[in-house]
Amino acid sequence: MTRTVIESATRTVIIGFDEPFCVIGERINPTGRKKLAAELEAGDFSTVERDAVEQVLCGATVLDVNSGAVFTNKMAEDPRYADNNFVEPPLMKALIERVQAVVDVPLCIDSSVPDALEAGLKAAFGRPLLNSVTGEEDRLELVLPLVKKYNVPVVAISNDDTGISPDPDVRFAVAKKIVERAADFGIPAHDIVVDPLVMPIGAMATAGHQVFTLVRRLREELGVNTTCGASNISFGLPNRHGINAAFLPMAIGAGMTSAIMNPVRAQEMEAIRAANLLMNHDANGGEWIRLARVLEAMKEGATFAEASQAATQATSGRRGGRRSRG
């Protein structure tokens, strides 16, 4: 079975067909978050640190770290700040160092700037996931050598020089091309995690069906693990969390093995925990029982993060007690 191994200094996470669904926390991303971008421009990483801790408490086993910030004020003072190639490498290094100081989960290094990817690879402990490579020729030639050099797995996004195709067969062909080109560099298929690209269901009625079909093909024909930006499916629609919570178990049933998503939403995490249980990826139902306690605590007024932290501490205490008696 395909196993994609991601590591921090102290933890190993395996993305695989017979593993629990891997939740990759998406919140450390200044794109579209003006307040966070302004904080980063001022050298303030407090929100990043809080988001890192909260996402792990709520169930993320990997954290995506995206350095795509726009420093508007500095740009006005120094034209170099208009260039992401100037901004992102030092910012990525700083982000990685701050996140690793407060949590010990593996990281997903996320940037469109190759130098920022390498800066993150140099700063990250263990074996991070690189996000991302596409089927575009220049991107393949820039990113795949980094993947080989640092011996890390990579997210492969199914678009190429022609853009994002609405035809799922074309997106599959792009994924196959990336896997084949990676093999030319000596990168095995188990280190490729394909993002087949989730289209908004509000704009394309067949978007869900397309993804489920693509995931099955990617698993059966290419033998690769898969991921996606889960919230894309509900973009532009009301009650987005309800749609996301339905989409995720269906994607898991089709064979998807991870998603880049917001783990702070209890509704989506409940759906994932239920899917893990139903797929026999939750030994003795332990995680489902733990989540049930968390949801009960939330009825008393605790936030999802607070209730999750209390449940973790209680579980750790019981385990410690058993060891001391032995």
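Residues numbered from 1 in each chain as written. Predicted model: local features only at pLDDT ≥ 70, side-chain atom pairs only at ≥ 80, totals over all residues. Heavy atoms only, no water.

This brings us to the overall build of the protein chain. Counting secondary structure elements, the protein chain contains twelve helices and ten strands. Taken along the three principal axes of its C-alpha coordinates, the protein chain extends 55 × 50 × 45 Å. Scored against the burial criterion, the 326 residues of the protein chain give a buried share of 51%. When the accessible surface of the protein chain is summed, it comes to about 14,700 Å², and 53% of that surface belongs to carbon and sulfur atoms. Across the protein chain, the mean location of the 34 positive side-chain charges is 7 Å away from that of the 41 negative side-chain charges. (Helix = DSSP H or I, 4+ residues; strand = E, 2+ residues; numbered from the N terminus. Buried < 20%, exposed > 50% of the residue type's maximum accessible area, 1.4 Å probe, protein only. Areas by Shrake-Rupley, 256 points an atom, 1.4 Å probe, with all protein chains shown as cover. Lys, Arg positive; Asp, Glu negative; His and termini not counted. Charge placed at Lys NZ, Arg CZ, Asp CG, Glu CD.)

A separate point is the pattern of salt bridges. A complete count under the given rule lists 16 salt bridges for this structure. Here Asp104 makes a salt bridge to Arg11, at a shortest N to O gap of 3.0 Å. Of this pair, Asp104 sits in the loop between helix H4 (84-102) and strand S5 (107-110) while Arg11 sits in the loop between strand S1 (3-7) and strand S2 (12-16), and the two are 93 residues apart along the sequence. A relative accessible area of 37% means that Arg11 is categorised as partly exposed. Measuring nitrogen to oxygen at the nearest pair gives 2.8 Å for the salt bridge that ties Asp78 to Arg80. Residue classification places Asp78 among the buried positions, given a relative accessible area of 18%. Looking at Arg80, the relative accessible area reads 48%, which means it is partly exposed. (Salt bridge = Lys/Arg side-chain N within 4 Å of Asp/Glu carboxyl O.)

What follows covers the pairing of strand S7 (residues 154-157). In S7, alternate side chains face the same way, and those of Val154 and Ala156 on one face and Val155 and Ile157 on the other are all buried. Relative to S7, strand S6 (residues 129-134) runs parallel, the two being bridged by four bridges. Looking at the pairing, Thr134 lines up with Ile157 of S7. Bridge count between S7 and strand S8 (residues 192-195): four bridges; the pairing is parallel. Within S8, the position partnered with Ile157 by the bridge is Asp195. (Pairing = 2+ DSSP bridges.)

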